Amino acid sequence: MSTSVQTTTEIRPFHVDIPEEKLAELRHRIVAARLPSRELVADRSQGVQLATIQELARYWESDYDWRKAEAKLNALPQFTTQIDGVDIHFIHVKSAHENALPLIMTHGWPGSVIELLEAIGPLTDPTAHGGDAEDAFDLVLPSLPGYGFSGEPTEVGWDPGRTARAWAELMRRLGYARYVAQGGDLGAIVTDVMGRQAPEGLLGIHMNLLVTTLGAATPPPGDSEEARAALAAIKTFTTSGFGYFLEQSTRPQTIGYALLDSPVALAAWLLDHDTDSYEKISHAFLDGEPSGHLTRDQILDNITLYWLTGTGASAARAYWELGRAQALAAGQAPPEVSLPVGFTTFPGEIFQAPRSWVEQSYPNLTYFNKVDRGGHFAAWEEPELFSSEVRAAFRSLRTNGASS
């Protein structure tokens, strides 16, 4: 298939309706799962712990109700549109407030649009959440290609650059002449690339993971206590918590067989990301006490979405595409980001980026803040705090008539 394939620009309403037999099959596969023996250590250094998976599986099979998640999604305006040969699913919530600023926000892995749902209210209706009407957003939440209800690419080449161009086309297709973009994890990579591509209408970007440093061959110098702590966190992650990244960036098809065959294997794979979020999720299942909005049901909404859409392998391929794109661009300096950039450091993130590192990556940094709670899934875990950061980051870019 050619990347220049002609596509329809039609925007179609979307409704989630999972057949009951698929839910019955899921429960059957959970019960039939074969589990390994208990890990031989007292921590997660050998991977996801047996007790956590046993309780997750028990709750998933006996107490969890996907229909609640389905109803939550169907209460929102959902659509699909074909861009560059792939059907893109997105949620589009317009604010009731005048002159709301259009915002396209991108999820990451092992998340989905599920991780962004709790931020919809605070971002589109700030007055109901302690904010001002002048800080309202029209919100566009697309599912990355190969994730959730978006279609799977049928050819190689859907790297972050291609996704960034698709997002610009989506905003153009929705009639937004001026807008901003936000992302974390893989979404931060897409948002970073959008800033470098600087499509017409993009006013600025905000991120909560410094992807330029995490993927750098040589990290910035550790000339302060804050920088040394960040370097130590990166080293820990890349030496003992990087297994999923290596597998998905080199052999996504191989791990895909397990992710499509066993829901319990899928759950374990999605949980094994970073220590902070793993410990919070494990605590939610073992003790029933969530960290912020990381409840058992919310976590299983995300995992179940991966299972029901059969996207474990196609989502993993995004890392292969990222690695391929980085290899092709090796030795070439990327374009600078000349647009205004906002950044928020959350304490539970893989590493807390010092302001000096962010300024080195983005000389046009216009907003920076270090907050006191939240982690890798910032919008999911702390939606009110996350939303206040997004409002603050883009406040200086607002003018009357920002939206179409």
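The sections below set out a description of the structure shown in this document. (Residues numbered from 1 in each chain as written. Predicted model: local features only at pLDDT ≥ 70, side-chain atom pairs only at ≥ 80, totals over all residues. Heavy atoms only, no water.)

### What about the environment of Ser338?
Heads up, the condition is: Strands here are runs of E lasting at least two residues and helices are runs of H or I lasting at least four, both read from the DSSP assignment and numbered beginning at the N terminus. Buried, partly exposed and exposed residues are distinguished by accessible area as a fraction of the type maximum, computed with a 1.4 Å probe on protein chains only: under 20%, between the cut-offs, and over 50%, respectively.
Tracing the sequence through the fold places Ser338 in the loop between α14 (312-328) and β8 (341-345). With relative accessibility at 57%, the residue Ser338 sits in the exposed group.

### Some words on the environment of Leu260
The condition is simple: We call two residues contacting when some pair of their heavy atoms lies within 4.5 Å.
With respect to the secondary-structure elements, Leu260 resides in helix α10 (residues 252-261). On the accessibility criterion, Leu260 (37% relative accessible area) is partly exposed. Through-space distance from the C-alpha of Leu260 to that of Thr309 is 9.7 Å; in sequence the pair is 49 residues apart. Leu260 has contacts with Trp307, Gly310, Gly312 and Ala313, leaving out every residue within four places of it along the chain.

### Notes on unusual backbone geometry
The bulk of non-glycine residues show a negative phi, and the bulk of peptide bonds are trans. In this model, Trp109 is joined to Pro110 through a cis peptide bond whose omega is 10°. One can find Pro110 in the loop between β4 (101-106) and α4 (120-124). Positive phi is not limited to glycine here, since Asn99 has a value of about 55°. By secondary structure assignment, the location of Asn99 is in the loop between β3 (86-93) and β4.

### Overview of helix α9 (residues 243-250)
Inclusion rule: What the arc measures is the spread of directions leading from the helix axis to the C-beta atoms.
When we look at burial in α9, the residues that qualify are Tyr244, Gln248 and Ser249. Summarising the axial view, the buried residues of α9 lie within an arc of 115°, below the 170-degree limit, and thus occupy one face. Taken together, the buried residues of α9 touch α8 (225-240), α10, α11 (263-271) and α14.

### Brief notes about the packing of aromatic side chains
What counts, and what does not: Any pair of Phe, Tyr and Trp rings, taking the six-membered ring for Trp, is counted once the centres come within 6.5 Å. Such a pair is stacked with planes under 30 degrees apart, edge-to-face with planes over 60 apart, and tilted for the rest. To sit over a ring, a charge needs its Lys NZ or Arg CZ within 6 Å of the ring centre and within 35 degrees of the ring normal.
Counted by the stated rule, this structure contains 16 aromatic pairs. Ring plane angle 50° and centroid distance 5.1 Å describe the contact between Phe14 and Phe149, whose orientation is recorded as tilted. Residue Phe14 is found in the loop between β1 (11-13) and α1 (20-31), and its partner Phe149 is found in the loop between β5 (137-142) and α5 (160-173); the two are separated by 135 residues along the sequence. Taking relative accessible area as the criterion, Phe149 reaches 17% and is therefore assigned buried. Centre to centre, the rings of Tyr59 and Phe285 are 6.4 Å apart; their planes meet at 75°, and the pair counts as edge-to-face. With Tyr59 in helix α2 (residues 50-62) and Phe285 in helix α12 (residues 275-287), this pair connects stretches of sequence that are 226 residues apart. For the pair Tyr59 and Phe285, a shared accessibility class is recorded, and that class is buried. Of the aromatic side chains, those joined through ring pairs into one cluster are Trp109, Phe237, Phe242, Tyr244, Phe245 and Tyr319. A cation over an aromatic ring shows up here: Arg398 above the ring of Phe137, its NZ or CZ 4.4 Å from the ring centre.

### Considering α2
Basically, it comes down to this: Here the expected length of a helix is defined as 1.5 Å per residue gap, with one fewer gap than residues.
Across its 13 residues, α2 extends 18 Å between first and last C-alpha, which sits within 8% of the 18 Å expected from 1.5 Å per residue. Residues of α2 that are buried include every one of Leu50, Thr52, Ile53, Glu55, Leu56, Ala57, Tyr59 and Trp60, and no others. Considering only its buried residues, α2 is in contact with α1, α11, α12 and α13 (296-309).

### Some remarks on empty space enclosed by the protein
Convention followed: For cavity detection a 1 Å grid was placed over the protein atoms alone, and a set of points counts as a cavity when a 1.4 Å probe fits there but cannot get out; an open set counts as a pocket when protein lies on both sides within 12 Å along at least five of seven lines, with lining residues being those that have an atom within 4 Å of a point. Grid points are joined across faces, edges and corners, and a volume is the space filled by probe spheres set on the points. By the convention adopted, Pro, Cys, Tyr, Trp, Phe, Met, Ile, Leu, Val and Ala count as nonpolar, Lys, Arg, Asp and Glu as charged, and the other residues, Gly among them, as polar.
Under the defined criterion, the tally for this structure stands at two cavities of 30 Å³ or more. Considering only enclosed or pocket space, the largest cavity measures out at about 100 Å³ in volume. Lining the largest cavity are 15 residues, with Glu115, Leu116, Gly184, Asn208 and His376 positioned closest to its centre. When residues of the lining of the largest cavity are traced back to their parent elements, those giving at least two are β6 (179-183) and α16 (378-381). Considering only enclosed or pocket space, the second largest cavity measures out at about 80 Å³ in volume. Along the walls of the second largest cavity sit Pro110, Leu270, Leu271, His273, Ser277, Ile281, Ile299, Asn302, Ile303, Phe377 and Trp380, which together make up its complete lining. Elements that contribute at least two residues to the lining of the second largest cavity include exactly α11, α12 and α13. Looking at the lining of the second largest cavity residue by residue, the classes come out as eight nonpolar, three polar and no charged.

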